[in-house]
Amino acid sequence: MPMPHRTQMTLIKRRLVGKEGAERVRELRGILSELPNYKNGPYADIRKWVLGEIDATRSRARIVYRDSIAVRREGAAQIALVGPPNAGKSSLLHALSDVQIKIGNYAFTTLRPVPALVRIEGVLVQFVEIPGLLQGASDDHGGGRAYLGVLREADAIVYCQDATAVPDDLRSVMREVARAGIARPALLALTKCDDASSDAIERFSGAFPGLLVVATSILDDASLGRLRAAAWRLTGLIRVHVRDGGDPFALPTGSTVLDLAAAIHSELARDFAGARVWGPSARFAGQRVGRDHVVREGDTVEVLTA
Ligand SMILES: Nc1nc2c(ncn2[C@@H]2O[C@H](COP(=O)(O)OP(=O)(O)OP(=O)(O)O)[C@@H](O)[C@H]2O)c(=O)[nH]1
Ligand SMILES: [Mg+2]
């Protein structure tokens, strides 16, 4: 004689605890085969529920797959490296940071977004290589929509263009980004400049008017320093040092000394009794200021407590 359906339901749910994906589907199938095959009544309802769970589990599995494309955010800001295949994105990411990244002289070496932390004057910023976006990405051509999803999370975009190539591919990449409704502060990193003719900057400034062009080569450290600095300015953050402190704090432009105190420690904000400031926002070194004083990039601040 069949169990009361309520008990049956509890047992079924218990069997599913902690099971996801293929394992959960297998268990659900097993449950289905054990259920009395009534066309109506509570058992028919349970059957329907189990079938619905199989469907739901399958679509969850698809979501899990898409999530695995997602990048866990780290650092003060996230900057996406975007450009056509073979533009030199991985090389740039590798040269800017210390991670080991697959690099190849053929298109689509990178098939998943690759994050790496880059230190810019004491502040860690996350750079993410977006695999070469294809034409039609916003229609999910080549799984491009997931990449656009990652891009949507970024605070800024560094477009990458091979200085020895023509601008057409980057143009179509930019079109896809615009079609997806993504607009971010951006610049153009002109890559492989060691290999390019001297008029490259001029040519690409002309091809992409309104976009700051930074000439780069992974063989030229000074060019990488300029790229780091220019990329930092895209984030809209400022660096503020704490007197006798270590690494600077990254704060949104327009932050006050009280915001800085809160960023250091919530107790420091609670006991705040003023501050002393050195640097660009101070009228003189060590100026005494109140809580609403707006700090600026490069300031050094000492927070005073009651
Ligand atoms: N001469 C020179 N070659 C470079 C430079 N940067 C990258 N390359 C070369 O360009 C080729 C492509 O580099 P990748 O960094 O793999 O390019 P990517 O944009 O990541 O390519 P995909 O991931 O395949 O889209 C490689 O052969 C690199 O060695 C550079 O600054 N100078
Ligand atoms: Mg790559």
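Bear in mind that the values here come from a model prediction, so they are computed numbers and not experimental data.

J.: Requested: an account of the sheet that holds strand E5 (residues 186-191), with residues and values cited.
T.: Spatially, the six strands line up as an open sheet ordered E2-E3-E1-E4-E5-E6, and their pairing is mixed. With partners counted over all chains shown, the strands left at the sheet margins are strand E2 (114-120) and strand E6 (213-215), one partner each. Mean inter-strand twist for the sheet, computed between neighbouring axes without regard to direction, equals 30 degrees. Relative to E6, E5 runs parallel, the two sharing three bridges. When the sheet's bridge partners are listed, Leu190 is paired in E6 with Ala215. Sheet strands in contact with helix H6 (residues 168-179) are strand E1 (78-82), strand E4 (156-162) and E5, and its direction is about 160 degrees off that of E4.

J.: Can you break down the sheet that holds strand E11 (residues 300-305) residue by residue, with the values?
T.: Strand order in the open sheet made by the five strands is E8-E7-E11-E9-E10, with mixed pairing throughout. A strand with exactly one partner marks an edge of an open sheet, and here the two such strands are strand E8 (249-252) and strand E10 (287-289). On average, each strand axis in the sheet is tilted by 40 degrees relative to the strand beside it, whichever way the strands run.

J.: Describe the nonpolar core, listing the residues and the values that go with them.
T.: One finds Val82, Ile130, Leu151, Tyr159, Leu188 and Phe208 to be the most contacted residues of the largest nonpolar core, which totals 29 residues. Elements that contribute at least two residues to this core include exactly E1, helix H5 (144-152), E4, H6, E5 and helix H7 (200-207). In terms of residue count, H5 provides more of this core than any other element does, five residues in total. Ile130 has contacts with Ala80, Leu81, Val82, Lys89, Tyr147, Val150 and Leu151, leaving out every residue within four places of it along the chain. The next biggest cluster of nonpolar side chains, apart from the first, holds 26 residues, and it includes Ala77, Cys160, Ala231 and Leu234.

J.: How would you summarise the packing of aromatic side chains if you had to cite specific residues and measurements?
T.: Applying the stated criterion to the full structure yields one aromatic pair. Ring geometry for Tyr38 versus Tyr43: centroids 5.9 Å apart, planes at 75 degrees, classification edge-to-face. The positively charged end of Arg171 is found above the aromatic ring belonging to Phe208, 5.4 Å away from the centroid.

J.: Hey, could you go over the pattern of salt bridges for me, with residue numbers and the actual values?
T.: If you walk through the whole model with that rule in mind, you get 13 salt bridges. The salt bridge partner of Glu53 is Arg24, with a shortest N-O separation of 2.8 Å. Placement of the pair is Glu53 in helix H3 (residues 42-67) and Arg24 in helix H2 (residues 21-34), with a sequence separation of 29 residues. Assessed through its relative accessible area of 14%, Glu53 is described here as buried. Judged by relative accessible area, Arg24 falls into the buried class, the value being 13%. Where salt bridges share partners, they join Arg15, Glu27 and Glu34 into one cluster.

Reading the values: rules and limits
- Residues numbered from 1 in each chain as written.
- Chains lettered and ligands numbered in written order.
- Predicted model: local features only at pLDDT ≥ 70, side-chain atom pairs only at ≥ 80, totals over all residues.
- Heavy atoms only, no water.
- Pairing = 2+ DSSP bridges.
- Helix = DSSP H or I, 4+ residues; strand = E, 2+ residues; numbered from the N terminus.
- Axes fitted to C-alpha atoms, helices over the stretch in contact; angles between N-to-C directions.
- Contact = heavy atoms within 4.5 Å.
- Core = buried A, V, L, I, M, F, W, Y, C linked by side-chain atoms within 4.5 Å.
- Buried < 20%, exposed > 50% of the residue type's maximum accessible area, 1.4 Å probe, protein only.
- Phe/Tyr/Trp six-rings, centres within 6.5 Å; stacked < 30°, edge-to-face > 60°.
- Lys NZ or Arg CZ within 6 Å of the ring centre and 35° of its normal.
- Salt bridge = Lys/Arg side-chain N within 4 Å of Asp/Glu carboxyl O.

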